[in-house]
Amino acid sequence: MDALGRKVPVVFRHDPSLSEQVGLLQVGIQRRGEVLDREFEVVDGVETFRNPPIGLRVQYLVSAWATPPEDQALLGAVLRTMHDNSRLDLSEEDSEIVGYSGTPEASLDTLTVSEHRELAAALGAPFGPSVGYWIDFNLRSGVTTQIKRVRERVMDFRKIEG
């Protein structure tokens, strides 16, 4: 992350050897309750249905670890960066590998002090300025079924005598 005009490492767990760092820690993942429809696709002229995706919500704790007040400046840079770049656009080939349906978007989540302390303790991270983010996305299924269309239908009308 270099929103401050210098490189600041983004880590996935606290690294005590670094004097300043931004931690991106996954807190949890849960299934969203909505029922999603199967997806219609046309690939190389072949029509298929893809099994319904799974709606998921992933929660993150983003913490700034540095000497005060630099830690708050780091967190401010994170907030500004995420506010300006909340959509997680993927390249075409990345979207096939990851399997997102639609474009995920990061949303700011507030934390109480007690929630923050519990999360930091559970993740083995120091207590520092932090915010929560959640990302809703749909994970695509890999199972597809080819659609077989009726090409021609013949109707024969006859008078049946009885």
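Everything here concerns the structure above.
All values derive from a computational prediction rather than experimental measurement. (Residues numbered from 1 in each chain as written. Predicted model: local features only at pLDDT ≥ 70, side-chain atom pairs only at ≥ 80, totals over all residues. Heavy atoms only, no water.)

Caption draft 1: Region of the structure containing the packing of aromatic side chains. Throughout the structure, instances matching the rule amount to one aromatic pair. Pairing Phe40 with Phe49 gives two aromatic rings, centres 6.1 Å apart and planes at 65 degrees, and the pair type is edge-to-face. Given the relative accessible area of 24%, Phe49 is considered partly exposed. Sitting over the ring of Phe49, Arg38 keeps its end group 3.6 Å from the ring centre. (Phe/Tyr/Trp six-rings, centres within 6.5 Å; stacked < 30°, edge-to-face > 60°. Buried < 20%, exposed > 50% of the residue type's maximum accessible area, 1.4 Å probe, protein only. Lys NZ or Arg CZ within 6 Å of the ring centre and 35° of its normal.)

Caption draft 2: Representation of unusual backbone geometry in the model. A cis geometry characterises the amide bond from Pro68 onward to Pro69, with omega recorded as 0 degrees. Mapping Pro69 onto the fold places it in the loop between β5 (54-65) and α1 (70-84). Its identity is not glycine, yet Asp44 carries a phi of approximately 55 degrees, on the positive side. Assignment of secondary structure puts Asp44 in the loop between β3 (39-43) and β4 (46-50). A relative accessible area of 78% means that Asp44 is categorised as exposed. (Helix = DSSP H or I, 4+ residues; strand = E, 2+ residues; numbered from the N terminus.)

Caption draft 3: Geometry of the sheet that holds β3. If you walk across this open sheet you meet the three strands as β3-β4-β8, and the pairing is antiparallel. Edge strands, defined here as strands with exactly one partner in the open sheet, are β3 and β8 (144-146). Each strand axis lies, on average, 35 degrees off the axis of its neighbour in the sheet, ignoring direction. Where β3 and β4 come together, five bridges link them in antiparallel fashion. Across the sheet, the residue bridging to Val42 is Glu47, located in β4. (Pairing = 2+ DSSP bridges. Axes fitted to C-alpha atoms, helices over the stretch in contact; angles between N-to-C directions.)

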